[in-house]
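Next come the chains, spelled out residue by residue.
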Amino acid sequence: MRTGGKTNEFGAIRSELGQLIIGAVIIALGAGIVASGIVQIFAAKALPVTLFGFGFLCVGLLVAAWRVVPARAGKVQIDAALLIDSRTRVPISIERYDFSSRIFSYIKALSVENKALGKVWSDNKFYILSGLDTGDVKLSSTESKKIAIEAAEYFVLDSLSTHLTDYFNQEPSADPEKLVTFERDDVPEIFAKNRFLDLFSRPMNEREVFSKTPVGPGYGKVVSASGPGGARYDHFDLVLPKGAKISRDKHGSFSISTKNFTLKVDCDLQFGSHPIPWNFIKYYMSKKFESIDQEKVSIEISVMFSIVQVFSKSGIQYYRWVDDFLEKITHQADFEEFLQDIGWETALTSQFLTGMKKVNLLSRKRTPADQKTSKAN
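Heads up: these notes are all about the structure in this document. Within every chain, residues take consecutive numbers counted from 1 along the sequence as written. Residues qualify for local features only when their pLDDT is at least 70, as the model is predicted, and side-chain atom pairs are given and counted only at 80 or more; totals for whole chains, interfaces and linings, by contrast, use all residues. Side-chain measures were taken over the full set of non-hydrogen atoms in the model, leaving aside hydrogen atoms and water.

**Observations concerning the overall build of the chain**
Okay, step 1: Scanning the chain for helices and strands turns up 13 helices and eleven strands.
Okay, step 2: Once local pairs closer than 6 in sequence are excluded, the contacts in the chain between residues at least 24 apart make up 72%.
Okay, step 3: About 21,700 Å² of surface is accessible on the chain, with carbon and sulfur atoms providing 59% of the total. To qualify as a helix, a DSSP run of H or I must reach at least 4 residues; to qualify as a strand, a run of E must reach at least 2; elements of each kind are numbered from the N terminus. In this description, contact between two residues means that some pair of their heavy atoms is separated by no more than 4.5 Å. For accessible areas, the Shrake-Rupley method is used with a probe of radius 1.4 Å. Any residue's cover is judged against the shown protein chains and nothing else.

Shown next, in the form of C-alpha cells:
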C-alpha cells in the first residue's frame, strides 16, 4: 500500500493556513470595527454581539482543527506473503521479493544456533483446529506463529536500523550532537522480547558458532557477519534525535517516542492463506500450488506527529526520514507492491500471448495430409 509523504502534507497545510490566517486577520479587523460601531449604537446589546463574535471564532478553530488533526496521523498497512514448503516447513525465498529472502535467512540462522526453536518451527503449523469431532471447534495459535511474528518484526527493525544510519550519515543539516544511538545494552528489555533481535545482535565472542571468527579491537567494528550453516551477526543500533525513547506497550508493540512524533510497529499473522495467484507459483516460482502453504503477515506502522510540528519547519531534518522509510518498507514487504514492481500482470499477459503464438504456429505447420485426416475425423 502506497502512502503520501507526511512532511509534504505539512508543507501544504502551512501554505493553506498562511493564506487562511491572512484572510482571518483582515476579516477580524473589519469585524472589530463594525462591532465597535454596533456596540456604541446599541450599548445595551454589547454582550450578545460579543457572544456572536465568539461563535464565529469557535467555528474558525473547528475548521482549522478539521484540516490539521487528521494530518498528524499516518498509517501504513502492509500485507506480506510468507510462503512455506508444506513438507519441510522451510520458508521459500522468492526471487526479488526482499521480505521472503530475509525471512528465509532469519529462520535458517535461528535454527543453526537454537535447535529447539528450529524444531518448534519445523514441527508445527501456525494454528491448530480442535474439537472438529465434537462440534466444539476451537482455534489456537502455536509457538511457531510467535516465531513468525518475531521474524517479521525483526525484518522491520533491521530495515529501520539501516535506514536511520544511512539517512543521518547523508543528512548534512543534522547536528551529530543532537543525536543519540541506542544499542543492545541501552535497551535490553526491548531485545529480550524478540528472539531474532536478541540472538543476531549478541556479541560474536559469546557465540560458539563464531568461535573461529577473529574479533576484537584490532579488527575494527563488525557491522554484519555470516557464520557456518547460515548463522548471522548483525550489529543493531537505532540513531534517533536526543530525548527519544524506545519501549514496548502492554501488547508488546515496538514504539519510538520523540518530541516531534511517535512511531509504532505492530506485526501479526492472520489465520487463512494469502491469496497468491496460482500462475505466479507455477510460472515465476516453478512450484506446484499444492506444495506450498501460503501465509499472510500483517505489518502495521503508525505515526503520530505533534501539532507543533505540523506548523513548524524547525527540526524537520530529524524526522524527514519517516516518509522515505514507510515507502521503502512497503516496497520491500507488501506482496501486491512486489507484483506491481516486477510488472507481473504484463509478464503474465506476455506469457499468455506467447503461448497463443506457439499454438498458431503449430497449427500452420500441419501438412495438407494432416488437415485432410483432421477433416475426415
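**A word on the pattern of salt bridges**
Between side chains of opposite charge, a pair can form as their charged atoms come close.
Okay, step 1: In the sections that follow, a salt bridge refers to a side-chain nitrogen of Lys or Arg positioned within 4 Å of a carboxyl oxygen of Asp or Glu. On inspection of all chains with the given rule, the structure shows 18 salt bridges.
Okay, step 2: For R207, the salt bridge goes to E113, with nearest N and O atoms at 2.3 Å. Highlighted residues: R207 in the loop between α7 (195–200) and β5 (224–226) and E113 in helix α3 (residues 98–113), separated in sequence by 94 residues.
Okay, step 3: Each of E143, K146, E150 and R195 takes part in salt bridges that share partners, so that together they form one network.

**Focus: the environment of L199**
Okay, step 1: Summarising the element assignment, L199 is placed in helix α7.
Okay, step 2: Burial classes: relative accessible area under 20% of the type maximum marks a residue as buried, over 50% as exposed, and values in between as partly exposed (1.4 Å probe, protein chains only). Given a relative accessible area of 8%, L199 falls into the buried group.
Okay, step 3: The spacing of L199 and N114 is 85 residues in sequence and 9.3 Å in space, taken between C-alpha atoms.
Okay, step 4: When neighbours within four sequence positions are excluded, L199 is seen to be in contact with A109, L110, E113 and R207.

**Describing the sheet that holds strand β10 (residues 261–270)**
Okay, step 1: Pairs of strands are assigned from DSSP output, requiring at least two bridges between the strands. The sheet built from five strands is open, its strands ordered β1-β11-β10-β9-β8 with antiparallel pairing. Two strands close off the open sheet at either side, each with one partner strand: β1 (73–85) and β8 (245–248). Mean inter-strand twist for the sheet, computed between neighbouring axes without regard to direction, equals 15°.
Okay, step 2: For helices, the fitted line uses only the C-alpha atoms of the stretch in contact; every axis is such a line through C-alpha atoms, and the angle between N-to-C directions lies from 0 to 180 degrees. Sheet contacts for helix α5 (residues 143–170): β1, β8, β9 (254–257), β10 and β11 (292–305); angle to β10, the most-contacted strand, approximately 145°.

**Topic: the packing of aromatic side chains**
Okay, step 1: Ring pairs shown here join Phe, Tyr and Trp side chains whose ring centres sit within 6.5 Å, with only the six-membered ring taken for Trp; geometry is labelled stacked below 30 degrees between planes, edge-to-face above 60, and tilted in between. Under the counting rule described, the total for this entry stands at 22 aromatic pairs.
Okay, step 2: A centroid spacing of 6.3 Å and a plane angle of 50° characterise the contact between Y106 and F196, whose relative ring orientation is tilted. Here the residue Y106 occupies a position in helix α3, and F196 occupies one in helix α7, the gap between them amounting to 90 residues. Of the two residues, Y106 and F196, both sit in the buried class.
Okay, step 3: Here F335 and F338 contribute two aromatic rings whose centre-to-centre distance is 5.7 Å and whose plane-to-plane angle is 45°, an arrangement assigned as tilted. With F335 and F338 both in helix α11 (residues 335–341) and three residues apart, this pair spans about one turn of that helix.

**Thoughts on the pairing of β9**
On a regular strand, each side chain points to the face opposite its neighbour's, so the side chains alternate between the two faces of the sheet.
Okay, step 1: Two elements, β8 and β9, share four bridges in a ladder whose sense is antiparallel. Its bridge partner being in β9, R248 is matched across the sheet by F254.
Okay, step 2: Hairpin connection between β8 and β9: a loop of five residues separates the two successive antiparallel strands, and G252 in this loop has a positive phi of roughly 90°.
Okay, step 3: In terms of strand pairing, β9 meets β10 through four bridges, oriented antiparallel. Its bridge partner being in β10, I256 is matched across the sheet by L263.
Okay, step 4: Hairpin connection, β9 to β10: the antiparallel pair is bridged by three residues.

**A few points about the environment of V222**
Okay, step 1: Looking at the secondary structure, you find V222 in the loop between α7 and β5.
Okay, step 2: Looking at V222, the relative accessible area reads 24%, which means it is partly exposed.
Okay, step 3: Sequence-wise, V222 and H235 are 13 residues apart; in three dimensions their C-alpha atoms are separated by 7.1 Å.
Okay, step 4: Among residues more than four places away in sequence, those in contact with V222 are M204, Y233 and H235.

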